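Fold and contact review
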Amino acid sequence: KAGKGTGSFGKRRNKSHSSCPRCGRRSLHLQKGVCSACGYPAARTRRYNWGYKAIRRKTTGTGRMRYMRHLPRRFKNGFREGTQAVSKKASGSD
């Protein structure tokens, strides 16, 4: 039987997509060399306004934010660098 049901699943053995080096999903088309999820190797990440839920999943704040998570505190302190905090022991009350 040549339907698209159970009998046909045994014949599916060719992979068209591999894992993407940028987004990590199994969306890199092997013949095209283009990721269907993030658009790699294009410089801009693939995003469309009709997929607003997909944008929400991939947007800033869904990852570790190793640089940006410290910015509010650094901004509050005027981006100061190379200074030492004043010791509270030395200027304690008598």
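Scroll up to find the structure this text is about.
The text that follows walks through the structure, step by step, so that each part is easy to find. (Residues numbered from 1 in each chain as written. Predicted model: local features only at pLDDT ≥ 70, side-chain atom pairs only at ≥ 80, totals over all residues. Heavy atoms only, no water.)

1. Let's talk about the overall build of the chain
- Within the chain one finds three helices and two strands.
- Reading the helices (α) and strands (β) of the chain from amino to carboxyl end gives α-β-β-α-α.
- On C-alpha atoms alone, the chain measures out to a radius of gyration of 25 Å, which is more than a quarter above the 12 Å that the 2.2 N^0.38 rule sets for 94 residues.
- If one aligns the C-alpha atoms of the chain with their principal axes, the spans along those axes are about 95 × 30 × 25 Å.
- Sorting the 94 residues of the chain into buried and exposed places 12% on the buried side.
- Pairs at least 24 apart in sequence give 0% of the contacts found in the chain among residues at least 6 apart.
- On the chain, roughly 9,100 Å² of surface is accessible, and the fraction owed to carbon and sulfur atoms is 51%. (Helix = DSSP H or I, 4+ residues; strand = E, 2+ residues; numbered from the N terminus. Rg over C-alpha atoms; globule rule 2.2 N^0.38 Å. Buried < 20%, exposed > 50% of the residue type's maximum accessible area, 1.4 Å probe, protein only. Contact = heavy atoms within 4.5 Å. Areas by Shrake-Rupley, 256 points an atom, 1.4 Å probe, with all protein chains shown as cover.)

2. A few points about a nonpolar patch on the surface
- A surface patch of nonpolar side chains, amounting to about 310 Å² of accessible area, comprises Met65, Tyr67 and Met68.
- Considering the arrangement of structural elements, one finds tyrosine 67 in the loop between helix H2 (52–58) and helix H3 (71–76).
- Residue class for tyrosine 67 comes out exposed when judged on its relative accessible area of 55%. (Patch = residues over 30% accessible without salt bridge, like charges linked within 9 Å, V, L, I, M, F, W, Y side chains within 5 Å. Salt bridge = Lys/Arg side-chain N within 4 Å of Asp/Glu carboxyl O.)

3. Thoughts on the environment of arginine 46
- Mapped onto the secondary structure, arginine 46 falls in the loop between strand E2 (28–29) and H2.
- Overall, the relative accessible area of 30% leaves arginine 46 in the partly exposed class.
- The contact partners of arginine 46, leaving out residues within four places of it in the chain, are Ser36, Ala37, Cys38, Gly39 and Lys58.
- In terms of polar contacts, arginine 46 uses its side chain to reach the backbone carbonyl oxygen of alanine 37, at 3.4 Å. (Polar contact = N/O pair within 3.5 Å; in protein donor to acceptor, adjacent residues only side chain to side chain.)

4. As for the packing of aromatic side chains
- Tallying each qualifying case throughout the model produces two aromatic pairs.
- On the numbers, 5.2 Å between centres and 10 degrees between planes, the contact of tyrosine 48 with tryptophan 50 is stacked.
- According to the relative accessible area criterion, tryptophan 50 is exposed, its value standing at 66%.
- When the centroid spacing of 6.3 Å and the interplanar angle of 70 degrees are considered together, the rings of phenylalanine 75 and phenylalanine 79 count as edge-to-face.
- Residue classification places phenylalanine 75 among the exposed residues on the basis of a relative accessible area of 62%.
- Given a relative accessible area of 42%, phenylalanine 79 falls into the partly exposed group. (Phe/Tyr/Trp six-rings, centres within 6.5 Å; stacked < 30°, edge-to-face > 60°.)

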